[in-house]
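The chain contents come next:
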Amino acid sequence: LDHLVANPRGDMLERLARPFGKSGLELRHGVQIENQVRTKRIPLLTAADLAALDRATHLSEAWEGRFVDVFRNDVGSNWFGVFVSDDACAQKIPKGSIVYCNPDAVIEPGALVVAQVPGVAFGVCRRYRLLDGTNETRFKLLPLNDDFPTYESTPENPIKILGRVMKVLSDL
């Protein structure tokens, strides 16, 4: 349209562009837009919500309905966000950050995870360390900040890992 029409009405540009596989913006400006920003909403949980996940059979039963909008390409289909409420993983993940977690990711030694620890009233974010290479139920969750406790999972006192931290969103 080469700027001949200042402000087309309604969805006219979208209707004109559709048969050509273009968007209204592409038609209006004459350039191909490869990556239009597309967002997705994922559940945003608190440490208290993580604790409730241990008793719930599904994420939706513990979740209070809060969302975080993320770029669609940044997350997987069943990821969730967690608001970090302490400095256990500071400097890497400071208090107030939001971490995006993948519940289906492979948990490898050294990975940061969110977990529910028996006897603790809130969920935790820690570094995963396998204690016995043949027994996946024996591991430790280590804080990056030594002022916070370490937790150990055993067959008698299992810790439930809820997801692997994949991305961190924090203020500088």
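Preceding block: the structure.
Parameters at a glance
- Residues numbered from 1 in each chain as written.
- Predicted model: local features only at pLDDT ≥ 70, side-chain atom pairs only at ≥ 80, totals over all residues.
- Heavy atoms only, no water.
- Salt bridge = Lys/Arg side-chain N within 4 Å of Asp/Glu carboxyl O.
- Helix = DSSP H or I, 4+ residues; strand = E, 2+ residues; numbered from the N terminus.
- Buried < 20%, exposed > 50% of the residue type's maximum accessible area, 1.4 Å probe, protein only.
- Lys, Arg positive; Asp, Glu negative; His and termini not counted.
- Polar contact = N/O pair within 3.5 Å; in protein donor to acceptor, adjacent residues only side chain to side chain.
- Contact = heavy atoms within 4.5 Å.
- Pairing = 2+ DSSP bridges.
- Axes fitted to C-alpha atoms, helices over the stretch in contact; angles between N-to-C directions.

**Some words on the pattern of salt bridges**
Then, number 1: Inspection of the entire model under this criterion finds two salt bridges.
Then, number 2: In this structure, E108 engages R164 in a salt bridge whose closest nitrogen and oxygen atoms are separated by 3.8 Å. Pair noted here: E108 is in the loop between β4 (98–102) and β5 (112–116) and R164 is in strand β9 (residues 160–169), with a separation of 56 residues, a long-range link.

**Some words on the side chain of R126**
Then, number 1: Looking at where R126 falls in the secondary structure, it is placed in strand β6 (residues 124–130).
Then, number 2: For the buried R126, no salt bridge exists, and the shortest N-O distance to an oppositely charged side chain is 4.4 Å, to D86.
Then, number 3: A distance of 3.2 Å separates a polar side-chain atom of R126 from the backbone oxygen of P149.
Then, number 4: Beyond its immediate sequence surroundings of up to four residues, R126 is in contact with D86, A88, C89, A111, L112, V113, L141, L142, P143, F148, P149 and Y151.

**Side note on the sheet that holds strand β8 (residues 151–153)**
Then, number 1: The strand order across the open sheet built from nine strands is β2-β1-β3-β4-β9-β5-β6-β7-β8, with neighbouring strands paired in mixed fashion. If you trace the sheet from one side to the other, it starts and ends with β2 (67–71) and β8, each paired once. Between one strand axis and the next, the sheet turns through 45° on average, direction left out of account.
Then, number 2: Summarising the sheet, β4 and β9 pair through five bridges and their orientation is antiparallel. Looking at β9, one finds that V99 is bridged to V168.

**Description of the environment of A105**
Then, number 1: Note on placement: A105 falls in the loop between β4 and β5.
Then, number 2: When its relative accessible area of 17% is taken as the criterion, A105 is described as buried.
Then, number 3: When neighbours within four sequence positions are excluded, A105 is seen to be in contact with R164 and M166.

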